[in-house]
Amino acid sequence: MNWDRVEGNWKQLKGNIKEKWGELTDDDLDKIAGRRDQLEGKLQERYGYAKDKVSSDVDDWFKTLR
């Protein structure tokens, strides 16, 4: 799966994302709309993670989708 499929299936994946990162709101997820850079930025904002930590976490989550 590539990230384009994540964007295309964003509505279906929102529940999965909320399970992983519960501090993200429905409004956050609507604004992110499947864009990886937006997801990473919002995770940095909500959790205070460093950019490399966020990127690694998103990569790990993405691998579970395959």
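This one's a predicted model, so the numbers in the text were calculated from it and none came from an experiment.

Q: Teacher, can you tell me more about the overall build of the protein here?
A: Regarding its fold elements, the protein presents five helices and zero strands. Listed by position from the N terminus, the elements making up the protein come as α-α-α-α-α. With respect to the principal axes defined by its C-alpha atoms, the protein has extents near 25 × 25 × 20 Å. Within the protein, the fraction of its 66 residues that count as buried is 33%. Accessible surface for the protein amounts to roughly 4100 Å². Of this, 41% is attributable to carbon and sulfur atoms.

Q: Explanation requested: unusual backbone geometry in the structure shown.
A: Leaving glycine aside, a negative phi is the common case for residues, and trans is the common case for peptide bonds. Despite not being glycine, Ala33 has its phi angle at roughly 50°, a positive value. With respect to the helices and strands, Ala33 occurs in the loop between α3 (26-32) and α4 (36-47).

Q: Help me understand the packing of aromatic side chains, please; the structure alone is not making it clear to me.
A: Any aromatic ring pair is given by two values, namely how distant the centres are and how the planes are angled relative to each other. Tallied over the entire structure, the rule returns four aromatic pairs. Geometrically, the ring pair formed by Trp3 and Phe62 is tilted, given 5.4 Å between the ring centres and 40° between the ring planes. Residue Trp3 is found in helix α1 (residues 3-8), and its partner Phe62 is found in helix α5 (residues 51-63); the two are separated by 59 residues along the sequence. For the pair Trp3 and Phe62, a shared accessibility class is recorded, and that class is buried. Taken together, Trp3, Trp21, Trp61 and Phe62 form an aromatic cluster joined through their ring pairs.

Q: Which parts of the structure should I look at to understand the UniProt feature "domain: CsbD-like" (unreviewed entry) in the protein?
A: Sites flagged by UniProt as "domain: CsbD-like" (unreviewed entry) map to residues 4-55. Annotation note: span residues 4-55, helix share 77%, strand share 0%, distance between end C-alpha atoms 17 Å.

Q: I tried to follow the environment of Asp26 on my own but got confused; where do I start?
A: Relative to the helices and strands, Asp26 resides in helix α3. Judged by its relative accessible area of 45%, Asp26 is partly exposed.

Q: Would you explain the pattern of salt bridges in this entry?
A: For the coordinates displayed, the defined rule picks out 10 salt bridges. Note that Arg46 is salt-bridged to Asp28, the shortest N-O span being 2.9 Å. Remark: Asp28 occurs in helix α3 and Arg46 occurs in helix α4; sequence separation between them is 18 residues. With relative accessibility at 4%, the residue Asp28 sits in the buried group. What emerges from the salt-bridge pattern is a single network uniting Asp28, Lys42, Glu45 and Arg46.

What counts, and at which threshold
Position numbers for residues start from 1 in each chain and track the written sequence from start to end. Per-residue local features are limited, in this predicted model, to residues with pLDDT of at least 70; the limit for side-chain atom pairs, both in listing and counting, is 80 or more; totals at the level of whole chains, interfaces and linings are taken over all residues. Hydrogen atoms and water are omitted, and side-chain values are computed over all heavy atoms in the structure. Runs of H or I in DSSP of at least four residues are treated as helices and runs of E of at least two as strands, each being numbered from the N terminus. Accessibility here uses a 1.4 Å probe with only protein chains present; expressed as a share of the type maximum, an area under 20% marks a residue as buried, one over 50% as exposed, and anything in between as partly exposed. In these tables, accessible area is a Shrake-Rupley quantity obtained with a 1.4 Å probe, and a residue counts as shielded only by the protein chains included in the view. We call Phe, Tyr and Trp rings a pair once their centres come within 6.5 Å, taking the six-membered ring for Trp, and we label the pair stacked below 30 degrees between planes, edge-to-face above 60, and tilted otherwise. UniProt positions are given in the numbering used here, feature names are shortened, and annotations may be inferred rather than shown by experiment. For this document, the term salt bridge refers to a Lys or Arg side-chain nitrogen within 4 Å of an Asp or Glu carboxyl oxygen.

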